[in-house]
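Spelled out, the chains give:
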Amino acid sequence: MRKVIGIGEAILDVIFRENRPHVAVPGGSTFNCMISLSRLGIPVAFVSELGNDRTGDIMRDFMQSNGMTTNHTGCMFGRKSPVSLAFLDESKDAEYIFYTDYPAQRLDVSFPVINEDDILVFGSFYALEANLRERVTDLLDYARLRKAIIYYDPNFRKAHAHEAIRVRSMVMDNYEFANIVRGSDEDFFNLYGKTDMDNVYEEEVAFYCKKLIVTHGSDGVTLYSENFRTHFDTTPVPPLSTVGAGDNFNAGIIYGLIKHGIGYHDLSSLGELTWGKIIRYGMAFAAEVCRSYDNYLPPEFAEKYKI
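Residues numbered from 1 in each chain as written. Predicted model: local features only at pLDDT ≥ 70, side-chain atom pairs only at ≥ 80, totals over all residues. Heavy atoms only, no water.

Further remarks concern the nonpolar core. With 58 residues, the main nonpolar core has Val4 and Leu37 as its most contacted residues. Once residues lying within four places of it in the same chain are set aside, the contact partners of valine 4 are Met34, Leu37, Ile42, Pro43, Val44, Ala45, Ile119, Val121, Ile254 and Ile258. (Core = buried A, V, L, I, M, F, W, Y, C linked by side-chain atoms within 4.5 Å. Buried < 20%, exposed > 50% of the residue type's maximum accessible area, 1.4 Å probe, protein only. Contact = heavy atoms within 4.5 Å.)

Another point: the sheet that holds strand 7 (residues 94–99). Spatial strand order, 3-2-6-7: four strands in an open sheet with mixed pairing. Strands with a single pairing partner mark the edges of an open sheet, and in this sheet they are strand 3 (20–27) and strand 7. On average, each strand axis in the sheet is tilted by 25° relative to the strand beside it, whichever way the strands run. (Pairing = 2+ DSSP bridges. Helix = DSSP H or I, 4+ residues; strand = E, 2+ residues; numbered from the N terminus. Axes fitted to C-alpha atoms, helices over the stretch in contact; angles between N-to-C directions.)

Once that is clear, we can look at empty space enclosed by the protein. Scanning the entire structure with this criterion turns up one cavity of 30 Å³ or more. Taken as a whole, the largest cavity holds about 50 Å³ of empty space. Lining the largest cavity are Ser29, Thr30, Cys33, Val121, Phe122, Gly123, Ser124, Asp153, Asp247 and Asn250. Of the residues belonging to the lining of the largest cavity, the class tally is three nonpolar, five polar and two charged. (1 Å grid on protein atoms, 1.4 Å probe; cavity = no way out; pocket = protein on both sides within 12 Å on 5 of 7 lines; lining within 4 Å. Points joined across faces, edges and corners; volume = space filled by probe spheres on them. Nonpolar A, V, L, I, M, F, W, Y, C, P; charged D, E, K, R; others polar.)

For the rest of this paragraph, the subject is the layout of surface pockets. Approximately 1500 Å³ is the volume found for the largest pocket. Counting only elements with at least two residues in the lining of the largest pocket, the list comes to strand 2 (11–17), helix 1 (29–39), strand 7, strand 10 (180–184), helix 5 (185–192), helix 7 (245–259) and helix 8 (272–289). When residues of the lining of the largest pocket are assigned to their parent elements, the largest contribution, five residues, is made by helix 5. Class assignment of the residues belonging to the lining of the largest pocket gives a composition of 18 nonpolar, 18 polar and 13 charged.

On to the packing of aromatic side chains. All chains considered together, the criterion is met by 18 aromatic pairs. Summarising the aromatic geometry, the rings of tyrosine 281 and phenylalanine 285 are spaced 6.4 Å apart at their centres and angled 50° between planes, so their arrangement reads as tilted. On the criterion of helical spacing, the pair formed by tyrosine 281 and phenylalanine 285 is a turn pair, its members being four residues apart in helix 8. Put simply, the rings of Tyr255, Tyr281, Phe285, Phe301 and Tyr305 pair up and form one aromatic cluster. Directly above the aromatic system of tyrosine 102 lies the positively charged group of arginine 106, at a separation of 3.6 Å from the ring centroid. The ring of tyrosine 96 has arginine 157 lying over it, and the distance from NZ or CZ to the ring centre is 4.2 Å. (Phe/Tyr/Trp six-rings, centres within 6.5 Å; stacked < 30°, edge-to-face > 60°. Lys NZ or Arg CZ within 6 Å of the ring centre and 35° of its normal.)

The subject of this paragraph is the packing of helix 1 against helix 7. Contact geometry for helix 1 and helix 7: axes closest at 8 Å, N-to-C directions at 45°. It follows that helix 1 is oblique to helix 7 by the angle criterion. Crossing of helix 1 against helix 7: the hand is right-handed. Across the interface between the two elements, Ser29, Asn32, Cys33, Ser36 and Leu37 of helix 1 pack against Asp247, Asn248, Asn250, Ala251, Ile254 and Tyr255 of helix 7. Of the residues in the contact of helix 1 with helix 7, the class split is five nonpolar, five polar and one charged. (Parallel < 35°, antiparallel > 145°, perpendicular 65-115°, else oblique. Left-handed = near helix turned anticlockwise from the far one by under 90°.)

Following both chains from N to C, one finds helix 4 (residues 164–177) and helix 5 inclined at 125°, their axes separated by 9 Å at the closest point. Accordingly, the angle class assigned to the pair helix 4 and helix 5 is oblique. In contact with Ala164, Arg168, Val171 and Tyr175 of helix 4, helix 5 contributes Phe188, Asn190, Leu191 and Tyr192. A breakdown of the residues in the contact of helix 4 with helix 5 according to their chemical character gives six nonpolar, one polar and one charged.

Okay, here's the thing in C-alpha cells:
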C-alpha cells in the first residue's frame, strides 16, 4: 500500500477553557494528520524530534500505540520536548503560546524511503524556520525526484503575521514544491493581508502550484485548479474545539486521494466530480474532530472508514 510521509513538530498541547487547563493531548499540525491517517489503516512515517524527557516519552508512547513508527523521530538529548498552551475563545478557536527548547543542530534523523505515488505532507512555520530549512528542502527534493504527491499546508498563524514579508519567498518556494496547496482564508490573510481568495490564487499561488484548496470555516471550501473553480458548502457543527480541524481536513483529502487511487500522474486530469468526493472526506473528518477535545479522529469513527 502507498504510504504517507509527514514532517513537522511533535508537541504536547495543553488546552485551556476559561483560562483553566482542561486537557493535555499530543499534537502538532502534521502530527495530528498522521495520527488520523494511521487510525484509518494507512501506513505513515513521521519525521520530527522530541526531547529525552517525560513529555517526549508520552508522545512516543502515543505514536506507537497508534501504529506509528518512531524510527524517524529524533531524540534531542538534554533538551525538553516542546509544549503549547492553547486558549479557546468563545468560538472555540485557539490562541497559542509555544514553549520550546530546541538545539542549534536540528532534525538529525534518517528519512524514510519514498516511492512513486506516496504522499508527503508538510507545512506550518516549521517549514519556514531557518535552522530546519535545509533538511526540509532535502526531503522535498527527494519526494519530488521520486514522483510523490507533495501536499503543503501553510497553516500561517496570526502570531507570525508580523514576519509575513520576511518569509514570503520561502512560502513561494514551498508552493513550487507542492502538487496541492491547502490553506484557510485566515492563513492567506495573515500572509498577504488579502480577503479575496480568487486574487490569492491568481496573484500568489497559481504560477507555482495549480491546485489550491481554501477552507472558509463554516462557510465551506473553495477548490481552484487550472481547469475550474468550484465551491462546496458545509454543514456547520457546534464545536467543542476547533484545534486539529484543519489538520484532519488534510487527512481527509489525503485519505480520499488514496481511497480513489489518485496517483502523481492523475492529478492534472482530476475532474470536479472526483474532487467533490475527496473534499467531502476532508469536511467530514474536520467536523468530527470539532466534536471533541482530541486533535484526531476517534478510533471508532476511523474504523468505519478504514482502508
